[in-house]
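# Per-entry structural report
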Amino acid sequence: MRILVTGGAGFIGSHIVEAYLAEGHEVAVVDNLATGRRSNVDRRATLHEVDIHSRELEHIFASFQPEVVNHHAAQASVKVGQADPVHDLEINGGGTARIARLAVAAGARKIIYASSGGTVYGEPECLPVTEDHPIAPRSNYGTSKYTGELYVQLAARTAGIAYTIFRYGNAFGPRQDPHGEAGVVAIFAGLMLAGRPCTIDGDGEQKKDYLYVGDIARANVLALTAGDGLVANIGTGEGTTVNHIFHVLSEAMGNTVESRNGPPRPGDVRNFWLDCSLAKAKLGWQPAVSFEEGIRLTVDSLA
Ligand SMILES: NC(=O)c1ccc[n+]([C@@H]2O[C@H](COP(=O)([O-])OP(=O)(O)OC[C@H]3O[C@@H](n4cnc5c(N)ncnc54)[C@H](O)[C@@H]3O)[C@@H](O)[C@H]2O)c1
């Protein structure tokens, strides 16, 4: 199958590219390297270093003629979205509308889109959060990612092609940027390697749904042949505290640095985990890598 992956030089996208190549697919990557890296992209994939708003993209789509377009390129920072909502919307809203339109024009039969389970629902009314929970984002990023969902559905509905939308929990694993604002595993691992203390926001007992990136890649493989018309959460269904992350990571890294507690992050949702039974029923997907095993794989990749 010919698959075009946007954001394929980024953290999650690069794992998806590898999973597609391992299944024998032909992969083209579109990424402007805003946060992604050329070195993340497997040599067997063709990297087009262009912006999703670039005119050049029309030629890339027309000549590659992707059968599936997997859209992971995004402005992925909540903080940046708060500081510059217009920029955030241009990439995550307008950019997604453009990618969906190009996919249709190139004759693709399916669009797969990465949305955000951690931000589109807002403050959970009940746990675990199911897909029919009200959409009530508390950030510009959550709003723009949901806007992207609507554009993908609109383009697919109008053209009569398929789509799958995934709402991920908090991904972690190899190649996550330790200098980013999110990704507490990567941030703590980076600090531990540098021998610097880790600051835990608040009391560290807040619980989020941390999912190993390889499990996300597998969901994207399954979506090539199943899950048409599906909007599904992709997470573990369980919450893990920041204190537990520090503890497990410390053990795995043989770490001796201290943790200290900082102020709670303003506006942060305290407890959050996703119900993932829909993905299991429709795709046969469920997480295969435990939190501890995911940490071990992440630490191994740092060696
Ligand atoms: N990391 C998570 O926990 C998480 C959770 C939910 C959803 N997501 C979504 O998954 C996707 C991947 O996230 P990630 O964590 O791998 O982030 P990332 O920043 O590593 O990946 C995003 C990629 O998109 C590229 N990009 C950004 N703007 C672009 C543009 N204008 N044109 C072309 N390429 C552009 C970047 O260079 C980067 O390679 C995003 O859509 C994000 O919103 C991530």
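None of these values were measured; they are calculated from a predicted model. Here, residues in each chain are numbered from 1, in the same order as that chain's written sequence. Selection of residues for local features in this predicted model requires a pLDDT of at least 70, selection of side-chain atom pairs for listing and counting requires 80 or more, and totals for whole chains, interfaces and linings are taken over all residues. The side-chain figures draw on all heavy atoms in the structure; neither hydrogens nor water molecules are used.

## A word on the pairing of strand E11 (residues 230-234)
Put simply, the rule is: The classification of residues rests on relative accessible area computed with a 1.4 Å probe and restricted to protein chains. Under 20% of the type maximum is buried, over 50% is exposed, and intermediate values are partly exposed. Strands are runs of DSSP state E lasting at least 2 residues, helices are runs of H or I lasting at least 4, and numbering of each runs from the N terminus.
Across the five residues of E11, five count as buried, placing the element largely inside the fold. Residue alternation in E11 divides its side chains into two sets, Leu230, Ala232 and Ile234 and Val231 and Asn233, and both sets are buried.

## As for helix H1 (residues 11-22)
Applied cut-off: Here the expected length of a helix is defined as 1.5 Å per residue gap, with one fewer gap than residues.
The terminal C-alpha atoms of H1 lie 17 Å apart, and with twelve residues this matches the ideal 16 Å at 1.5 Å per residue to within 8%. For H1, the buried fraction is high: ten of the twelve residues fall into the buried class. What H1 keeps buried is the set Phe11, Ile12, Gly13, Ser14, His15, Ile16, Val17, Ala19, Tyr20 and Leu21. At the C-terminal side of H1, glycine 24 shows a positive phi close to 90 degrees.

## A word on the environment of asparagine 271
Going by this rule: The criterion used for residue contact is that any of the two residues' heavy atoms lie within 4.5 Å.
Note that asparagine 271 resides in the loop between strand E13 (259-262) and helix H10 (277-283). For the pair formed by asparagine 271 and aspartate 209, sequence separation is 62 residues and the distance between their alpha carbons is 8.8 Å. Each residue touching asparagine 271, except ones within four places of it in the same chain, is listed here: Pro124, Leu127, Glu205, Gln206 and Lys207.

## So, the pairing of strand E4 (residues 68-71)
How we decide: The rule for pairing is simple: two strands pair if DSSP sees at least two bridges between them.
By the alternation rule, side chains of E4 split into Val68 and Asn70 and Val69 and His71, which are all buried. Pairing of strand E1 (residues 2-6) with E4, which is carried by four bridges, proceeds in the parallel orientation. Residue leucine 4 lies in a different strand from E4, and its bridge partner there is valine 69. Across four bridges, E4 lies against strand E5 (residues 110-116) in parallel orientation.

## Notes on the packing of helix H4 (residues 85-105) against helix H6 (residues 140-159)
Put simply, the rule reads: In this analysis an axis means a line fitted to C-alpha atoms, helices contributing only their contacting stretch, and an angle means the value between N-to-C directions, from 0 to 180 degrees. Roughly parallel here means an angle under 35 degrees, roughly antiparallel means over 145, roughly perpendicular means 65 to 115, and every remaining angle is called oblique. Crossings are assigned a handedness: left-handed for a near helix turned anticlockwise from the far helix by less than a right angle, right-handed for a clockwise turn. The nonpolar class holds Ala, Val, Leu, Ile, Met, Phe, Trp, Tyr, Cys and Pro. Asp, Glu, Lys and Arg form the charged class, and all remaining residues, Gly among them, are polar.
One can describe the packing of H4 onto H6 by two numbers: an axis separation of 9 Å at closest approach and a directional angle of 15 degrees. Comparing the axis directions of H4 and H6 gives the class roughly parallel. When the axes of H4 and H6 are compared, the crossing they make is right-handed. On the side of H4, the interface is formed by Pro85, Asp88, Leu89, Asn92, Gly93, Thr96, Ala97, Ala100 and Val104, while H6 contributes Asn140, Tyr141, Ser144, Lys145, Thr147, Gly148, Tyr151, Val152, Ala155 and Ala159. Class assignment for the residues of the contact of H4 with H6 results in ten nonpolar, seven polar and two charged.

## Things to note about the site of the ligand
Applied cut-off: Only heavy atoms are used to decide nearness, and a residue is near a molecule or strand if one of them lies within 4 Å of it. We call two N or O atoms a polar contact when they sit within 3.5 Å, provided that within protein one can donate a hydrogen and the other can accept it, with sequence-adjacent residues counted only if both atoms are side-chain atoms.
Around the ligand there are 27 residues in total, and Ile12, Asp31, Thr35, Tyr141 and Lys145 lie nearest to it. Here tyrosine 141 contributes a side-chain N or O atom positioned 2.6 Å from an oxygen atom of the ligand. Elements that contribute at least two residues to the shell around the ligand include exactly H1, E5, H6 and strand E7 (170-172). It is E5 that contributes the most residues to the shell around the ligand, three residues altogether. Within the shell around the ligand, the residues separate by chemical class into 14 nonpolar, ten polar and three charged.

## What to know about the pattern of salt bridges
Our working definition: Any carboxyl oxygen of Asp or Glu within 4 Å of a side-chain nitrogen of Lys or Arg constitutes a salt bridge here.
Evaluation of the coordinates by the stated rule reveals 13 salt bridges. In this structure, glutamate 67 and arginine 2 form a salt bridge, with 3.8 Å as the shortest nitrogen-oxygen distance. Linking glutamate 67 in the loop between helix H2 (56-64) and E4 with arginine 2 in strand E1, this pair joins segments that are 65 residues apart in sequence. Here glutamate 67 falls in the partly exposed class, since its relative accessible area comes to 28%. The class of arginine 2 is partly exposed, set by a relative accessible area of 28%. Aspartate 42 is the salt-bridge partner of arginine 44, the closest N and O atoms lying 2.9 Å from each other. A relative accessible area of 18% places aspartate 42 in the buried class. Members of the salt-bridge network, linked through shared partners, are Glu293, Arg296 and Asp300.

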